[in-house]
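# Observations on the three-dimensional arrangement
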Amino acid sequence: MKQCYTLTGLDVLGKIRSYIRLLTVILLYVTFALPASAQGGGKAVSGIVKDDTGNPLIGVTVTVPGTTKGTTTDANGTYTINADNSESLNFSYVGYKPQTIHVNNQSTIDVTMSEDNTSLEEVVVVGYGVQKRRDIVGAVETLSTKGLEERMGSSMSISRSLQGAIPGLTMTFSDGKPNRGATVRIRGAENSIGSGGSALVMVDGVETDMSTVNPDDIESITVLKDASSTAVYGARGTFGVILLTTKKPQKGSAKVTYNGTFTFYKRATKPQMVTNGYDYTTSFLESYVNAFGKDPSNINNVFKFSRTWYNELARRNSDPSYEKWRINPADNRYEYFGNTNWYKIFYKDYTTGHQHNLSITGGTDKASYYVSGRFFHQDGIYNAGDERYNQYNVLAKGTVQATKWLRVENTTSFMSRFSHQPTLTTGGQSFTVTPTRMMNHQGFPMTLEKNPDGTWTDAAVYMGWAGFVEGNTWREDDKFDLNNKTKFTLDFIKDVLVGEIDVSYYRNHTERHMLAVPYTYYT
C-alpha cells in the first residue's frame, strides 16, 4: 500500500530552517576551521549550549566581541574558546535570540538559548487584510514607523525617503523639485515584474499619488513584490504594489505632538564653468578650425565672430582696466568682451525650506480620533523670479463602536499645493526649458547681462534672465486633492464571521496659469 504525505506550511518552514542552519554550520566551519589553533591568548572557557527543551544546539557561533576569536558548537553542543576574564562571549544562532555573557573568572559557561519568534508574529498589511509574517509565502517587505522616522528628516516626499530603504525597490526622479513624483520600479527596471510600468500605490486602500501624502502621517509601508502577493489587485498590480497605512487613533487622554524643521538645501553637483571669455573663444576657434579648416563667421545665430573682434578680445583680456564692451563704428552694434559666469548669475549656492507638523489623538473604547495638519514651504533655486513651493496637508480619522457588532471608521484627508516658477519666453510663448539648456546656446562668457545704457543684452533675453528679474514670465500650478473613506465592520460572530463595507470618494482639481511677455533686446 502506498502512503501519501502532505507537507503543511509549518513543515516547509521547518525544513527551510533546517537547511539554513546546516548551511550556517558549513560556512562557520570554513570560517573558523581548526578553531583551537586560532583562539589567541587568554584562558580556556568551555561549555554546552542548549535550547529551551534541553537539546544541544549544533553550529552556534561563539565569538569574543572586538577580537577575531571565534568558534562553533559541535554535535554535542559543546565549545571551547580562549578568552580573558575582562572579555565577553557572544552566542548567536539563526532563529534564536543572541546572548552576551561576561567571562569574569568563569571557566565553564553553559547557555540556554530561546527562540526568537518576534519577527514571525509581526502583522503585515497585504491586499485587503493583514497577515502574520510567518503565514506569508509571497515576496513582501515592510518598513515600520521607526524606520521611516530615521530616514525622513526634512524630506517633503515619502518617495525620496524610500530610496535605498527596501531591497528591490527603485525610485527615480526626473529632477529635484519638491513636488516631483517618482517612477517606482520593483526588482529593477529591466527585471521588474511586468517590466515597463510603475508600481501601484495605495494609501489606506485608496490609489493615491505618494507626493501628496504627509510623511508624518504614515505608520507603515508594505511592498508586494511578486505575482502571488499582488494577484488580488488584478492587472493593476502587474508592476507591484506599495501599501501605505496611516496612523490610527490612540485611546486615552488627548496627546498633542508637534515637530518642525528648518533646512538648508545645497546643490549635489556643481559644474565647472569656463568663465573667461578669451579662453572660451580660443578653445572654440581651435576646434572649429580643426574641423572645417577656416574661421567661423558666427559663434551662434546671434553672436558674430571676426579676427578683428578676436584680437580686440585678447587685448582687453590682458588689461582688466579696459571696458568689456564697445560700439562697432562699422555697424553701430554693441560688441562684448566679458568674463561672465551665467551659472552663478542664475543659481543660488543654497536654498532654504521649513515644515511644521501638528497632530492630536485620543479617545475611549467607544470613540477615538486622530487629527493632523502640516505646512511645507521651500524656496526656489534661482536668484530671481520668486520661485516658491507650498503644500498643506490635513488628515482626520475617527472610529466609533456603534454597537457590539458594528464599528464605523472614517478617514478624510485633503492636500492643497501651490507652486510659482519663472519660465523662459521667446516669441511670446512660454516654455519650461531649464536655463542650463539655454546657456549651451547663448550663455557665452564673452556676453554681458546688461548694456551700458541699462537695456538687456540679447543673451540675457534669450536665456530668460530678463523675464526672471522683471517677473513677467512665469507659471503657477494649483492642485487640490480630497479623499474620503468610510468603513463599516460587522462582527456577527466575533473573530469568526466578520463583514466589511468600504465607501471611498476621491476628488482632484488642478489649475495652471501662465504669463509670457515678449522682450526687446538691443545689439
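In what follows, the accompanying structure is described. (Residues numbered from 1 in each chain as written. Predicted model: local features only at pLDDT ≥ 70, side-chain atom pairs only at ≥ 80, totals over all residues. Heavy atoms only, no water.)

Across its 16 residues, helix α6 (residues 277–292) extends 22 Å between first and last C-alpha, which sits within 8% of the 22 Å expected from 1.5 Å per residue. Where α6 terminates, the next one or two residues include G293, which has phi positive at roughly 75 degrees. (Helix = DSSP H or I, 4+ residues; strand = E, 2+ residues; numbered from the N terminus. Expected span 1.5 Å × (residues − 1).)

Attention shifts here to helix α9 (residues 435–442). Here α9 has its buried residues at P435, M438, M439 and Q442. Seen along its axis, α9 keeps its buried residues to an arc of 115 degrees; they face one direction. For α9, the exposed residues lying more than 90 degrees away from the buried face are R437 and N440. (Buried < 20%, exposed > 50% of the residue type's maximum accessible area, 1.4 Å probe, protein only. Arc of directions from axis to C-beta.)

Here strand β18 (residues 325–328) runs beside strand β19 (residues 333–336); their pairing, made up of 4 bridges, is antiparallel. Residue pairing in the sheet places R326 in a bridge with E335 of β19. Counted along the chain from β18 to the antiparallel partner β19, the turn is 4 residues long, and its residue N332 has a positive phi close to 60 degrees. (Pairing = 2+ DSSP bridges.)

One open sheet holds the 4 strands; their spatial order is β3-β2-β5-β6, and the pairing between them is antiparallel. On the outer flanks of this sheet lie β3 (70–72) and β6 (99–102), each paired with one strand and no other. Between one strand and the next, the sheet's axes are offset by a mean angle of 20 degrees, whatever the strand orientation. As paired elements, strand β2 (residues 61–63) and strand β5 (residues 88–92) share 3 bridges and run antiparallel to each other. Bridge assignment links T61 to a residue of β5, and that residue is S92. (Axes fitted to C-alpha atoms, helices over the stretch in contact; angles between N-to-C directions.)

Let us now look at the pairing of strand β15 (residues 218–224). Side chains on a regular strand alternate between the two faces of the sheet. Within β15, 6 of the 7 residues are buried, which leaves the element mostly enclosed by the surrounding structure. Sheet analysis places β15 next to strand β16 (residues 241–246), joined by 6 bridges and oriented antiparallel. By the bridge assignment for β16, T222 is matched with L243.

Take unusual backbone geometry next. Positive phi values are uncommon outside glycine, yet N104 reaches one of about 50 degrees. Examined against the element boundaries, N104 turns out to sit in the loop between β6 and β7 (111–112). Although it is not a glycine, D204 adopts a positive phi angle of roughly 55 degrees. On the accessibility criterion, D204 (18% relative accessible area) is buried.

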